[in-house]
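What follows is the residue order along each chain.
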Amino acid sequence: MRAGLPLLESAFWSILACGAAVVSAMVMVGVSPTKSAAMVAVVLCGCVFLWLRNYRASLLALTFGLVPMDMSKAIFPPVELYYSPGLYLYAAQAISIVLLGMAFVRWFMVTKTLPKLESIDALIAIFLAWVWISAIGSPQGPLALATALAYTLIVAAYYAAVISVREMRDVRAILFGVGMIVLLQLIWVALQVVTKQPLGLPGSKNESSAFMVNFGGAGEAIRPGGFTGHPNGLAHHMVMVIPVVLSLALLGYRFIAARVLAFVWAVLLVASVMLVLTLSRGGWLSAGIAGVALFALMIRLGAISGRRLAGAVLLSIGALMLLVAMFPQTILRLTESDDRSFEGRMVLNDQAMAIIEGNPVKGVGLGAYNRSTYAYNGPLYATVSEDFQKQLRSVVVHNGYLLMAAELGIPALLLFCVILIKFLRTPWPLKRFKDPVLLTLAMGLLASLLGQAIYFSSDNYYVDQRVAMLWMTAGLLRAVSRLASESGPGPAA
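Note that the structure is predicted; figures quoted are calculated from it, not measured.

### Concerning the overall build of the chain
Within the chain, the secondary structure is distributed over 19 helices and four strands. Split into buried and exposed, the 493 residues of the chain put 52% on the buried side. Considering only contacts within the chain whose residues lie at least 6 apart along the sequence, 76% involve residues at least 24 apart.

So, in structure tokens, the structure goes:
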């Protein structure tokens, strides 16, 4: 434990409390939400730096902590008739650019050596080149180029994680930043539930239409979106977080300090509650599969005993039963009407297949999916009303893989799947992991990435922060695996 840490903690919590008081006062006296949010950001940055006392670790904590927040500055917003993602600059992306700049300065002025490239880097370069070529040929014109730049920023955030995480302190900073945002997000979710209002963040593209769900004649329920602006976005964030904190929770006091473990369990509990509240069936399924995969990996590696596994399973079942009792809407979400959500997804999938069949190799062009829906219709499209058809034309297919195949072509989708598989194989060979904490963290990140990849097939992924969460998780997994190769045996936390 560092000397002076109690004083540091006191200063941290004092500044955080004062900052919260100032922001609350600003809101009450009518100061604009944008200025209030800027004050929040300043206070948060100051607290993180004060706590960590390291520029790089602080920036990494902020990058991973802020990535789910739907606060952005429109650089090239989408047009109204034919929708494309356009270009929005998020705080996490801006910080990633700073991290990359710091890395380049270090390479050319300090180490004077560039990092080694691997085979996956060549595949990523080819995929990114394909994205840009598709954008150049897209009928969406400059808007497609803006979308390609948005995807490039996401890949840049991936490499910022890969090259900036250089020691275990960086990893701890990232886990701290993500955990703090999860705990703070619970306050925002609680406010949404109590006020029954979406309460979008300043600069948010908050989708209020998804805030409530009607169960036919059985009533309705609130679906909070937290900082992400959409309940499915919040569910994705929890799918990203839960497997990682679960893996650390399973390690126990032998490898993790008691205070750190208490923080881990608090984040796990809060994340699980918020995942349930989203009423996202895809999120539940993805998190469940990720959890089962994590248990299977840790059993195979001998990382947890049978007794601890049995206790974890019983605890999970008990927690699930308690959550269902507290939120009976979870049962209604599975058994009652879903506002034609399932029907709409089936029609959208059918329409996407028609677009892919008509453009199997090149696709219709980056960002041109919405435009192509006016030219391609699947057999199921004629089975719904004209009003429902108009609603479906205003969105894209809720399957990231089909969307990619429709816009970029089947070869690009196959290349992306190969990249995804290589991401999942990043930790191997496992014999390089001498530290059980690093190994367990790698398995948690692997399960997190698997859960996100599964969720990718059941919701709208269109060059946004959710795609960034997937890439950044892969970047951290690669960085942790590299640390395992460089570090010696012994506990790391």
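Next comes the rest of the description.
### Quick notes on unusual backbone geometry
Residue P429 follows W428 across a cis peptide bond; omega there is 0°. For L279, which is not a glycine, the phi torsion comes out positive at approximately 55°. Of the residues examined, L279 reaches a relative accessible area of 3% and is grouped as buried. Even without glycine at this site, V463 takes up a positive phi of about 50°. Note that V463 resides in the loop between α18 (436-455) and α19 (465-486). For V463, a relative accessible area of 14% translates into the label buried.

### Some remarks on helix α3 (residues 55-66)
The terminal C-alpha atoms of α3 lie 16 Å apart, and with 12 residues this matches the ideal 16 Å at 1.5 Å per residue to within 8%. Within α3, 11 of the 12 residues are buried, which leaves it mostly tucked inside the rest of the structure. Every buried residue of α3 is accounted for by R56, A57, S58, L59, L60, A61, L62, T63, F64, G65 and L66.

### Some remarks on the packing of helix α17 (residues 410-424) against α19
Packed helices, taken two at a time, are described by the angle their axes make and the gap between the axes. Running from N to C, α17 and α19 point in directions that differ by 40°, and their axes come no closer than 10 Å. Taken together, the axis directions place α17 and α19 in an arrangement best described as oblique. Each of F416, L420 and F423 in α17 lies in contact with α19, whose residues at this interface are L470, W471, A474 and L477.

### Regarding helix α9 (residues 258-277)
Taking 1.5 Å per residue as the helical rise, α9 with its 20 residues ought to reach 28 Å, and the 29 Å between its terminal C-alpha atoms agrees with that figure. Buried within α9 are the following residues: L261, V264, V267, L268, V270, A271, V273, M274, L275, V276 and L277. Residue L279 follows α9 closely and has a positive phi angle near 55°.

### What about empty space enclosed by the protein?
Where empty space is left in the structure can be found by rolling a water-sized probe over the atoms. Evaluated as defined, the whole model comprises three cavities of 30 Å³ or more. Looking at the largest cavity, it is lined by 14 residues, and the ones nearest its centre are Y151, M404, Y461, Y462 and V463. At the level of elements, α5 (119-136) and α16 (400-408) are the ones that each hand at least two residues to the lining of the largest cavity. Considering only residue class, the lining of the largest cavity consists of 12 nonpolar, one polar and one charged.

### What to know about the packing of aromatic side chains
Under the defined criterion, the tally for this structure stands at 17 aromatic pairs. An angle of 75° between the planes, with centres 6.3 Å apart, marks the rings of Y455 and Y461 as edge-to-face. We classify Y455 as buried; its relative accessible area is 1%. A residue is classified by how much of its surface remains accessible, and Y461, at 3% relative accessible area, is buried.

### Here's the deal with a nonpolar patch on the surface
A surface patch of nonpolar side chains, amounting to about 670 Å² of accessible area, comprises F104, V105, F108, M109, V110 and L114. Inspection of the secondary structure assignment puts V110 in helix α4 (residues 91-111).

### Focus on the nonpolar core
F127, Y151, F423 and W471 are the most contacted members of the largest nonpolar core, which has 142 residues in total. Excluding its chain neighbours within four sequence positions, the residues that come into contact with F127 are Y151, M404, L408, A412, L415, F416, I419 and W471.

### Observations regarding the pattern of salt bridges
Any two side chains of opposite charge can pair, given that their charged atoms come close. By the definition in use, this model includes seven salt bridges. The salt bridge partner of E167 is R56, with a shortest N-O separation of 3.0 Å. Of this pair, E167 sits in the loop between α6 (142-164) and α7 (168-195) while R56 is found in helix α3, placing the two residues 111 residues apart along the sequence. A relative accessible area of 12% places R56 in the buried class. Close ionic contact of R345 with D459 constitutes a salt bridge, the shortest N to O distance being 3.4 Å. One end of the pair, R345, is in helix α13 (residues 341-358); the other, D459, is in the loop between α18 and α19, with 114 residues separating them in the sequence. On the accessibility criterion, R345 (24% relative accessible area) is partly exposed. Several salt bridges converge on common partners, so that one network encompasses R56, E167, R169 and D170.

Definitions and cut-offs
- Residues numbered from 1 in each chain as written.
- Predicted model: local features only at pLDDT ≥ 70, side-chain atom pairs only at ≥ 80, totals over all residues.
- Heavy atoms only, no water.
- Helix = DSSP H or I, 4+ residues; strand = E, 2+ residues; numbered from the N terminus.
- Buried < 20%, exposed > 50% of the residue type's maximum accessible area, 1.4 Å probe, protein only.
- Contact = heavy atoms within 4.5 Å.
- Expected span 1.5 Å × (residues − 1).
- Axes fitted to C-alpha atoms, helices over the stretch in contact; angles between N-to-C directions.
- Parallel < 35°, antiparallel > 145°, perpendicular 65-115°, else oblique.
- 1 Å grid on protein atoms, 1.4 Å probe; cavity = no way out; pocket = protein on both sides within 12 Å on 5 of 7 lines; lining within 4 Å.
- Points joined across faces, edges and corners; volume = space filled by probe spheres on them.
- Nonpolar A, V, L, I, M, F, W, Y, C, P; charged D, E, K, R; others polar.
- Phe/Tyr/Trp six-rings, centres within 6.5 Å; stacked < 30°, edge-to-face > 60°.
- Patch = residues over 30% accessible without salt bridge, like charges linked within 9 Å, V, L, I, M, F, W, Y side chains within 5 Å.
- Areas by Shrake-Rupley, 256 points an atom, 1.4 Å probe, with all protein chains shown as cover.
- Salt bridge = Lys/Arg side-chain N within 4 Å of Asp/Glu carboxyl O.
- Core = buried A, V, L, I, M, F, W, Y, C linked by side-chain atoms within 4.5 Å.

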